[in-house]
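Fold and contact review
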Amino acid sequence: MSHADPDIAVVGAGAAGLAAALCLAREGFHTLLIGDPAIAAPGRTVALFGGSVAFLRALGVWEAVSARAAPMDAMRIVDDTGSLFAPPPLTFRCAELGLDSFGCNIPNDDLVGVLAAQARETPGLELAPDTVTGASFNLAGPQLVLASGRILRPRLVVGADGGRSLVRARAGVGAKTWDYPQTALTGVFGHTQAHHSASTEFHTRHGPFTLVPLPGKRSSLVWVTEPGKARRLAALAPEALALEVERQARSMLGAMRVEGPCGVIPMRGLTAERFAGHGMALVGEAAHMFPPIGAQGLNLGLRDVAALRDALVAARSRGAPCNDPDALAAYDRGRRLDVATRTHAIDALNRSLLSRLPGADLLRGAGMLALEHIRPLRRLAMREGLAPLLGLPAMMKADSATSPS
């Protein structure tokens with residue numbers, strides 16, 4: 001393939017970067033993807049909701065993804081805080097919204113593998129398993145320097161290079177960051193009882209303990225707890241760890257067994273001060289990071305990608321280039337509300353669990369009771385949890401074409 005400067009250079013080959021490169025190349029932009037397909041921390045899986053499913057279907061990879069994923073037909077929340085105001089368990093079912101499922105859960109490395117395979121077969125997409133060592137953004141346009149010595153001058157750089165984004169830093173974009181007094185233990189566990197395509201989230205005083213279905217009698221675990229406890233759990237022998245998980249899950253799925261390595265992830269958050277400008281756009285964790293609560297992270301990142309695609313296609317339709325300032329400003333504005341809403345909701349839920357104040361327990365319990373008994377509010381919460389009710393990108397709508405224009 002030609003080594004001419006691309007229209008768009010995507011930096012970072014995780015799920016968000018691969019999705020961005022695929023999406024933009026399929027729209028006819030000469031796109032370069034820089035990086036090796038990235039595997040997440042051990043035991044990480046990705047819960048994909050309806051809009052993300054529609055997006056992957058539009059990219060032509062849904063069949064391969066679904067073959068490796070388990071559907072999520074129900075989501076159960078159990079208050080395990082010991083609060084005096086603890087409500088009964090709350091269960092949301094996809095049939096309440098007329099859906100076949102809320103989405104699916106897939107190991108992150110399987111999702112990255114499917115996207116990488118599609119990238120290798122996509123015309124107009126050049127793959128560079130390289131590293132960006134230098135970047136500048138000025139009036140002359142972006143410039144990237146690769147470890148191989150190659151110098152690139154694309155019209156637009158898409159930063160999909162994670163929480164420590166070089167693109168964000170070199171573009172002079174600051175970020176608000178914060179830490180939580182928690183660490184997440186992640187892993188995949190087999191069990192003797194069927195999960196019936198239901199995820200269960202126990203709300204404990206140290207954070208959520210969540211089991212999400214995988215194919216067969218297997219589930220992925222995200223156990224948010226005190227840092228010391230997370231490290232102690234990770235150091236246990238597999239049989240002892242499986243017993244601890246079974247106890248915390250109230251033996252809901254029967255006897256547990258560890259399948260594969262577990263990971264330990266510090267809980268932190270990040271929001272970039274802006275998501276685009278001066279020949280640069282940020283997507284995924286380069287733009288925002290969440291604790292692994294509520295399965296919002298990658299779903300939000302894929303909405304970034306689909307929204308960026310909409311902005312660039314709209315610019316092209318009026319004869320503007322892919323680095324059009326108005327298009328990038330529209331992308332920046334359009335993503336702020338969605339990201340801010342999810343950030344505040346996840347942060348408020350997490351901090352309410354950590355609080356020992358009776359008022360916080362009362363409000364959380366009253367909120368869950370309202371979701372149980374007020375059906376319009378219940379349906380609104382389910383729909384908004386899956387995707388924003390307003391401003392959903394074109395490729396994430398259920399009736400979007402199987403392949404983009």
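In this report, the structure presented in the accompanying data block is examined. (Residues numbered from 1 in each chain as written. Predicted model: local features only at pLDDT ≥ 70, side-chain atom pairs only at ≥ 80, totals over all residues. Heavy atoms only, no water.)

1. Brief notes about the overall build of the chain
Within the chain, the regular secondary structure consists of 11 helices and 20 strands. Sequence separation of at least 24 residues holds for 75% of the intrachain contacts in the chain that already meet a minimum separation of 6. Accessible surface for the chain amounts to roughly 17,100 Å². Of this, 56% is attributable to carbon and sulfur atoms. (Helix = DSSP H or I, 4+ residues; strand = E, 2+ residues; numbered from the N terminus. Contact = heavy atoms within 4.5 Å. Areas by Shrake-Rupley, 256 points an atom, 1.4 Å probe, with all protein chains shown as cover.)

2. Describing the pattern of salt bridges
Taken as a whole and assessed by the stated rule, the structure comprises 14 salt bridges. The salt bridge involving Arg268 is made with Asp179; its shortest N-O contact spans 3.5 Å. Taken as a pair, Arg268 in strand S18 (residues 263-272) and Asp179 in strand S13 (residues 175-191) lie far apart in primary sequence, 89 residues in all. With a relative accessible area of 55%, Asp179 lands in the exposed category. Here Asp304 ties to Arg335 by a salt bridge, and the two come within 2.7 Å at their closest N and O atoms. (Salt bridge = Lys/Arg side-chain N within 4 Å of Asp/Glu carboxyl O. Buried < 20%, exposed > 50% of the residue type's maximum accessible area, 1.4 Å probe, protein only.)

3. Here we look at the sheet that holds strand S4 (residues 70-72)
The strand order S3-S7-S4 describes an open sheet built from three strands, whose pairing is antiparallel. The two strands at the open ends of the sheet, each matched to only one other strand, are strand S3 (45-49) and S4. The sheet shows a mean angle of 30 degrees between the axes of neighbouring strands, direction not considered. Sheet topology places S4 next to strand S7 (residues 103-107); three bridges connect them, and they run antiparallel. Bridge pairing links Met72 to Gly103 in S7. Docked against the sheet, helix H2 (residues 50-59) engages S3 and S7, running at close to 90 degrees with respect to S3. (Pairing = 2+ DSSP bridges. Axes fitted to C-alpha atoms, helices over the stretch in contact; angles between N-to-C directions.)

4. Thoughts on the sheet that holds strand S1 (residues 8-11)
As summarised here, the arrangement of the five strands in space is S8-S2-S1-S12-S19, forming an open sheet in which the pairing is parallel. Both outer strands of the open sheet, strand S8 (125-128) and strand S19 (280-282), are each paired with one neighbouring strand and no more. Across this sheet, the average inter-strand angle for adjacent strands is 20 degrees, counted without regard to direction. Where S1 meets strand S2 (residues 31-34), four bridges bridge the pair, whose relative direction is parallel. Residue Ile8 lies in a different strand from S2, and its bridge partner there is Thr31.

5. Considerations on helix H7 (residues 238-248)
Those residues of H7 that fall on the buried side of the exposure criterion are Leu241, Ala242, Val245, Glu246 and Gln248. Seen end-on, H7 carries its buried residues on one side only, within an arc spanning 165 degrees. What points out from H7, more than 90 degrees from its buried face, is the exposed set Glu239 and Arg247. Buried residues along H7 sit against S13, strand S14 (198-204), strand S15 (207-214), strand S16 (218-225), helix H6 (227-235) and strand S17 (256-258). Downstream of H7 by a residue or two, Arg250 has a phi angle that is positive, lying close to 60 degrees. (Arc of directions from axis to C-beta.)

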